[in-house]
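Understanding the architecture of this molecule
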Amino acid sequence: MWFKNARLFRFTKPFDIDPEELEQKLEAAAFKPCGPQEAFRQGWVSPLGRKGQQRVHSAGGYHLIALRREERVLPATVVREAVDEQVEQIETEQVRKVARKEKQELKDQLTQELLPRAFTKSRRTFAYLAPKDGFLIVDASSDKQAEELASELRRAIGSLPVRPPAVEQAPAFTFSGWLNESIDLPGAFSLGTECELKDTSEEGGVVRCKGLDLRGDEIRNHLEAGMQVTKLALGWEDALTFVLDEDLALKRLKFGDTLQEKLDDIDTDDDHARFDAAFNLMTLELARLIPTLLEAMGGEDRSAIVDAA
């Protein structure tokens, strides 16, 4: 149970969810397979997979959840070919041109006819709620996927006061400062060998660098030309490596050998116990990393956050 990404949502109000209540609400919005005429369907499943029954896995005050999305795979080319055949048949038999509106109606009709025969594919998106830390953390490769989970969670429980975290200074300014050494990189962090730079002019050129000394002349020349760093590979305390973007999303998250060794030291063959241990190790590391990272980014802007009384 190691997340590959960590997209952060900050609770703007205290959110002390009761695991039993959360379980009941997610059970009411449980996943059901797509119906014959449905393009997609999503709902909540057990994070433990087929071996699990509960839709909330709680440990150490953290609540792991999983959203499953199933959708029918109907390639656009298949629909287009079917529409073209129908249009050709109508134009031949009725000796008239098919108008654009009628083509769209044919497309909608044929899509509904073809859907029941389409294959389905599914994915699971994991997340955990950390009420005591004030975060919802989603393992998603895109903003859209993360927002999708947050929206479904909001729909299931009725309220989800979250927003992406904000920091006091622009991330691109901080990233660039770390590389041109106008801003000190905190000692807990180390630079990787990968970054992305963007031109701030209207042309908006992008340079992606990999396998380079990020404080070398090549990167420095781009910075002196006015480009800004928008993605940056970082390491933290030999425990984690990741690529951080200007939206404060952690991508390609990798947990170090030290954590894996701790997991290997657990003397049990029980899959559930090992899952639980991995989840504990991961959440504790991220609970240490996130506030340190926000502080390194100039400090968190908490102006929209209501603290507990």
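Let me begin by describing the structure that accompanies this report. What you see is a predicted model, and the numbers here were worked out from it, not measured in a lab. (Residues numbered from 1 in each chain as written. Predicted model: local features only at pLDDT ≥ 70, side-chain atom pairs only at ≥ 80, totals over all residues. Heavy atoms only, no water.)

Across its full length, the protein chain holds eight helices and 12 strands. The principal-axis extent of the C-alpha atoms belonging to the protein chain is close to 75 × 55 × 45 Å. Expressed as a percentage of its 309 residues, the buried residues of the protein chain come to 44%. Partitioning the intrachain contacts of the protein chain with sequence separation of at least 6 by distance along the chain shows that 69% fall at a separation of at least 24. Taken together, the 42 basic and 56 acidic charged side chains of the protein chain have centroids lying 6 Å from each other. (Helix = DSSP H or I, 4+ residues; strand = E, 2+ residues; numbered from the N terminus. Buried < 20%, exposed > 50% of the residue type's maximum accessible area, 1.4 Å probe, protein only. Contact = heavy atoms within 4.5 Å. Lys, Arg positive; Asp, Glu negative; His and termini not counted. Charge placed at Lys NZ, Arg CZ, Asp CG, Glu CD.)

With their axes 9 Å apart at the nearest point, helix α2 (residues 76–94) and helix α3 (residues 100–114) run at an angle of 125° to one another. Relative to α3, the element α2 lies oblique. Crossing handedness for the pair α2 and α3: right-handed. Residues Val78, Val79, Ala82, Val83, Gln86, Val87 and Ile90 of α2 touch α3, and the partners they reach there are Glu102, Lys103, Leu106, Lys107, Leu110, Thr111 and Leu114. (Axes fitted to C-alpha atoms, helices over the stretch in contact; angles between N-to-C directions. Parallel < 35°, antiparallel > 145°, perpendicular 65-115°, else oblique. Left-handed = near helix turned anticlockwise from the far one by under 90°.)

Glancing now at the pairing of strand β5 (residues 119–130). As defined by bridge partners, strand β4 (residues 62–73) adjoins β5 across 11 bridges and the pair is classed as antiparallel. Bridge pairing links Arg72 to Thr120 in β5. Note that β5 and strand β6 (residues 135–139) share five bridges and pair antiparallel. Following the sheet pairing, Ala130 is matched in β6 by Phe135. (Pairing = 2+ DSSP bridges.)

As a rule of thumb, nonpolar side chains are buried together in soluble globular proteins. Tyr128 and Phe242 are the most contacted members of the largest nonpolar core, which has 55 residues in total. A per-element tally of this core places helix α8 (residues 271–296) first, with 12 residues. Contact partners of Phe242, with chain neighbours within four places excluded, come to Phe189, Leu232, Ala233, Leu234, Trp236, Leu250, Lys251, Arg252, Leu253 and Leu289. Judged by nonpolar contacts, the second largest core, of 23 residues, contains Phe9, Trp44, Ile65 and Ala127. (Core = buried A, V, L, I, M, F, W, Y, C linked by side-chain atoms within 4.5 Å.)

Our focus in this paragraph is the sheet that holds strand β8 (residues 189–198). Sheets are built from strands that pair by backbone hydrogen bonding, the pairs being arranged parallel or antiparallel. If you trace the five strands from one edge of the open sheet to the other, you get β9-β8-β10-β11-β12, paired in antiparallel fashion. Of all strands in the sheet, those with a lone pairing partner are β9 (206–210) and β12 (250–255), marking the two edges. With strand direction ignored, the average angle separating the axes of adjacent strands in the sheet is 15°. Here six bridges tie strand β10 (residues 228–236) to strand β11 (residues 240–245), and the two strands are oriented antiparallel to one another. Each bridged residue has a counterpart across the sheet, and for Ala233 the counterpart in β11 is Val243. Against the sheet, helix α6 (residues 217–224) contacts β8, β9 and β10, and its axis sits at roughly 50° relative to β8.

Right, let's get into the pairing of β11. Most of β11 is tucked away, with five of its six residues classed as buried. Linking two consecutive strands that pair antiparallel, namely β10 and β11, is a turn of three residues; a positive phi of about 50° is found at Glu237 within it. Alignment of β11 against β12, held across four bridges, turns out to be antiparallel. Bridged to Thr241 within β12 is Lys254. Connecting β11 to the antiparallel partner β12 that follows it, the hairpin turn spans four residues, and Leu248 within it adopts a positive phi of roughly 65°.

Look at helix α1 (residues 19–28) against helix α4 (residues 143–157): their axes get within 9 Å of each other, and the N-to-C directions meet at 105°. Taken as axis vectors, α1 and α4 run roughly perpendicular relative to one another. On the side of α1, the interface is formed by Leu22, Lys25 and Leu26, while α4 contributes Leu153, Ala156 and Ile157. Taken together, the residues of the contact of α1 with α4 sort by class into five nonpolar, no polar and one charged. (Nonpolar A, V, L, I, M, F, W, Y, C, P; charged D, E, K, R; others polar.)

This part is about the environment of Val138. Tracing the chain through its elements places Val138 in strand β6. Residue Val138 is classed as buried on the basis of its relative accessible area, which comes to 0%. Along the primary structure Val138 and Ala233 are separated by 95 residues, whereas in three dimensions their C-alpha atoms are 19 Å apart. Excluding residues within four positions of it along the chain, Val138 makes contact with Phe3, Asn5, Ala6, Arg7, Phe9, Thr125, Phe126, Ala127, Ala146 and Leu149.

Scanning all chains against the criterion turns up six aromatic pairs. A centroid spacing of 5.8 Å and a plane angle of 85° characterise the contact between Tyr128 and Phe279, whose relative ring orientation is edge-to-face. Of the two residues, Tyr128 is situated in strand β5 and Phe279 in helix α8; the sequence distance between them amounts to 151 residues. On the accessibility criterion, Tyr128 (1% relative accessible area) is buried. Among the residues examined, Phe279 registers a relative accessible area of 0% and is labelled buried. In this arrangement the basic side chain of Arg10 is found over the ring face of Phe135, its NZ or CZ atom lying 4.1 Å from the centre. If you follow Arg69 out to its NZ or CZ, it ends over the ring of Phe40, 4.1 Å from the centre. (Phe/Tyr/Trp six-rings, centres within 6.5 Å; stacked < 30°, edge-to-face > 60°. Lys NZ or Arg CZ within 6 Å of the ring centre and 35° of its normal.)

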